[in-house]
Amino acid sequence: MKQKTGILISLEGGEGGGKTTQVNQLKKHLEDSGREVVPVREPGGTKISEQIREIVLSSKNEGITDTTEVLLFQAARAQIYRQVVIPALNAGKVVIMDRTRDSSVVYQGMVRGFGKELIEELNDISTKKIVPDLTLLLDVSVKTGLDRRIDSGKMDRLDMEAKSFHKKVRDAYLDLANEKKQKRWRIIDAEKSVEEVADMIWQAVSEKIKAE
Ligand code: TYD
């Protein structure tokens, strides 16, 4: 891993797990405890990466091939790490990422079938081998996730995939988080209320910060 002094925390999971709400809650907690925080989302987070996001997620772009999808997520990632994440970590800040490399491992590697190894190689190029210090998996049932997404009225190209796709995503995340060598993962029951989930996240993050 590259030399760094900050802390990188990622939130991962299928659709409708409430990641975005929880990023905001966590940011407030960390700032109240005196840390400088940089919240970012993938794909996106820079002017260039947001343009790539528009291409890869737009429901108008049904014709995107799986390979194009793999490379566009990586392109957006390469940009945000170089422009935002690495400078922030080098400045000692806490970076909170709403999705990062594990989204590609799960969606493109395990569900679309490109394989974990290939995706991790690409991830290492895009991130300059940076891996989150702590990864919080916000786990919800497929039904809860999709119901929340439908209620929000914001369905993108990937949200519109079949239910079986979302079931595979959930199972792949749980498999990845339960791999013994992956000690950075914490599974959070995101069926609980926003406040309860925020408390569980804060407990995991404060433990990590104390251990640094
Ligand atoms: P977003 O609206 O941010 O989803 P959510 O609110 O569920 O986090 O859209 C991101 C979508 O892109 C989501 O369906 C997951 C997918 N994705 C990948 O397939 N691979 C990736 O590497 C990343 C970062 C996201």
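Residues numbered from 1 in each chain as written. Predicted model: local features only at pLDDT ≥ 70, side-chain atom pairs only at ≥ 80, totals over all residues. Heavy atoms only, no water.

(A) Inspection of the overall build of the protein chain at higher detail. Broken down by element type, the protein chain carries eight helices and five strands. Listing each helix as α and each strand as β along the protein chain from the N terminus yields β-α-β-α-α-β-α-α-β-α-α-β-α. The C-alpha radius of gyration of the protein chain comes to 16 Å, within 12% of the 17 Å expected for a compact globule of 212 residues. Evaluated residue by residue, the protein chain yields a buried proportion of 49% over its 212 residues. (Helix = DSSP H or I, 4+ residues; strand = E, 2+ residues; numbered from the N terminus. Rg over C-alpha atoms; globule rule 2.2 N^0.38 Å. Buried < 20%, exposed > 50% of the residue type's maximum accessible area, 1.4 Å probe, protein only.)

(B) The side chain of E15, seen in detail. Inspection of the secondary structure puts E15 in the loop between β1 (7-12) and α1 (19-32). What makes E15 buried here is its relative accessible area of 10%. Among the polar contacts made by the side chain of E15, one reaches the side chain of Y107 at a distance of 2.7 Å. In contact with E15, other than residues within four places in its own chain, are R99, Y107, V140, G145, R149, D159 and H166. (Polar contact = N/O pair within 3.5 Å; in protein donor to acceptor, adjacent residues only side chain to side chain. Contact = heavy atoms within 4.5 Å.)

(C) A look at helix α8 (residues 194-211). Between its first and last C-alpha atoms α8 spans 26 Å; for 18 residues at 1.5 Å apiece the expected length is 26 Å, and the two agree. Where α8 is concerned, the buried positions are V197, A198, I201, A204, V205 and S206. (Expected span 1.5 Å × (residues − 1).)

(D) Representation of the nonpolar core. In this structure, V106, Y107, V111, F165, V169, Y173 and W185 are the most contacted members of the largest nonpolar core, which totals 22 residues. Looking at this core, the elements that each hand over two or more residues are α2 (47-57), α3 (66-90), α4 (101-111) and α7 (163-178). Dropping the residues within four chain positions of it, V111 is found in contact with V106, F165, K168, V169 and A172. (Core = buried A, V, L, I, M, F, W, Y, C linked by side-chain atoms within 4.5 Å.)

(E) Fine view of the site of the ligand. Not every one of the 16 residues close to the ligand is listed here, only the nearest: E15, R77, R99, S104 and Q108. A distance of 3.0 Å separates an oxygen atom of the ligand from a polar side-chain atom of K19. One nitrogen or oxygen atom from the side chain of Q108 is found 2.8 Å from a nitrogen atom belonging to the ligand. Expressed as a share of its isolated accessible area of 550 Å², the protein-covered part of the ligand is 94%. One can see that the ligand is located within the largest pocket. (Near = heavy atom within 4 Å. Areas by Shrake-Rupley, 256 points an atom, 1.4 Å probe, with all protein chains shown as cover. 1 Å grid on protein atoms, 1.4 Å probe; cavity = no way out; pocket = protein on both sides within 12 Å on 5 of 7 lines; lining within 4 Å. Sits in = over half its atoms within 2 Å of the grid points.)

(F) Representation of the environment of D124. Locating D124 in the fold gives a position in helix α5 (residues 116-127). Taking the C-alpha atoms as reference points, D124 and D102, 22 residues apart in sequence, are found 12 Å from one another. Apart from the residues lying within four places of it in its own chain, the contact partners of D124 are R101 and K129.

(G) Structural view of the packing of aromatic side chains. Using the criterion set out here, one finds three aromatic pairs in the structure. Taken together, Y107, F165, Y173 and W185 form an aromatic cluster joined through their ring pairs. (Phe/Tyr/Trp six-rings, centres within 6.5 Å; stacked < 30°, edge-to-face > 60°.)

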